Every structure is written in structure tokens, then in C-alpha cells.
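Structural characterization, general
Here's the letter readout for the chains.
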Amino acid sequence: LHIPDSVKTIGSMAFNGVSNAKLNIPASIEFIGDSAYSMSGVVDGDFPEGLTYLGEKAFFNCTGLTTISLPSTVETYGPNIFYGCKNVTYVELPQDMEKIPNGLLWNCTGLKRIYIPSSVKEIGNAAFYGSGLEKLNLPDGLQKIGSYAFDGCTSLAETKIPSSVTSVGMGA
């Protein structure tokens, strides 16, 4: 199923459950609504510059996703965007990102490592809950780690919390 580059908006639940077709994300896309691609056959996580909105659970349980590259143009992130994308092994966050959204990579069990840009000041609640992270370098300048941010990361063997952190949430 090819979505043409003339499409700028993918509405809520637009392709929810369309798992038997490979779906693309058009280069022209600016808005991806809540659960838009949930449980679908989307396989390309290279999001175009110009994307400004990613809705709640937009890619929930998209097991075909293996890589995610988020552009710096995203202004609004819903919670749990990539929840359950268990085959994601690589994620590139924007270099100007200040907060990692709540539940961004919740239960992404295939994710072993991630580079967190030095611009990040806050890691949201349950951002990496249950992920497969093994090692994590938190940037100097990080100030807040949300509740349950790394809860359930049973493979996480090594991390250092920088002295800039002033708040660590419950069960982090």
C-alpha cells in the first residue's frame, strides 16, 4: 500500500491493524495522529523533516519496524509512540531534543543501546520501560529522570547518573 507524497496528514487510527501490507510514511507528512499506524505493517522508521506531530501510540506494536530516525522538526510527541515495537534495534533522536517523551520506547525489547543527545534535560516517565537496553550513557546536563523510566530493563548492566540530575522519579 503506497501512500503518495501529496498526503500531509495521517489521521487517528488511519491504518490501525493493517498488518498484511507494507506501509510507507510519505516524505510530505506533517501530522501522524493517535494510533495511526498501530499494529500495522509499517517497516520504515525514517521520518521526514517537516513532521511536526506524532500522536499517542502512533506506532504501537509495529513489529516490522527495526530502525527509527526522528527529525528535529517534531514539536509535539504523544505518549507511548513506539510502545511494543519489539524488533527496533536502532533509534536516532534529534540533536536538539530536550525531553524524551513518556513511554517513547516502552517494551522495545530489541533495543540494546541508544545515544541520548546532550540537549536532553528530561527523560519522561516509562520512556524505556521494559526495553532491552544493556548499557546507557546519560548526558551531562540531564536534570530529571521520570518515574519508571528504566523499570523492567533487566539487561541494563551499566549506567552512570550525571551530577546534573536533580530529580529521579519513583521506580526509575
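Check the entry above for the structure.
Presented here is an overview of the structure given in this document. (Residues numbered from 1 in each chain as written. Predicted model: local features only at pLDDT ≥ 70, side-chain atom pairs only at ≥ 80, totals over all residues. Heavy atoms only, no water.)

Judged by pairing direction, the sheet is parallel, and its four strands sit side by side in the order E1-E2-E3-E5 without closing on themselves. Unpaired on one side and paired on the other, strand E1 (9-10) and strand E5 (76-77) mark the two borders of the sheet. Where strand E3 (residues 53-54) meets E5, two bridges bridge the pair, whose relative direction is parallel. Paired with Leu54 across the two strands is Tyr77, which belongs to E5. (Pairing = 2+ DSSP bridges. Helix = DSSP H or I, 4+ residues; strand = E, 2+ residues; numbered from the N terminus.)

Here we take up the pattern of salt bridges. By the definition in use, this model includes two salt bridges. A salt bridge links Lys99 to Glu122; the nearest nitrogen and oxygen atoms lie 3.8 Å apart. On the criterion of sequence distance, the pair formed by Lys99 in strand E7 (residues 99-100) and Glu122 in strand E8 (residues 122-123) is long-range, its members being 23 residues apart. For the salt bridge of Glu122 with Lys144, the shortest nitrogen-to-oxygen distance reads 3.8 Å. Residue Glu122 is found in strand E8, and its partner Lys144 is found in strand E10 (residues 144-145); the two are separated by 22 residues along the sequence. With a relative accessible area of 36%, Lys144 lands in the partly exposed category. (Salt bridge = Lys/Arg side-chain N within 4 Å of Asp/Glu carboxyl O. Buried < 20%, exposed > 50% of the residue type's maximum accessible area, 1.4 Å probe, protein only.)

A separate point is the environment of Phe128. Within the element layout of this structure, Phe128 appears in the loop between E8 and strand E9 (135-137). In this structure, the C-alpha to C-alpha distance between Phe128 and Val42, residues 86 residues apart in sequence, is 21 Å. The residues contacting Phe128, other than those within four sequence positions of it, are Ile100, Leu105, Ile114, Ile116, Ile123, Leu133, Ala149, Phe150 and Cys153. (Contact = heavy atoms within 4.5 Å.)

This paragraph deals with unusual backbone geometry. Although it is not a glycine, Met13 adopts a positive phi angle of roughly 60°. Checked against the element boundaries, Met13 lands in the loop between E1 and strand E2 (31-32). Positive phi values are uncommon outside glycine, yet Asn61 reaches one of about 55°. Tracing the backbone through its elements, the reader meets Asn61 in the loop between E3 and strand E4 (67-69). Under the relative-accessibility criterion, Asn61 is labelled partly exposed at 30%.

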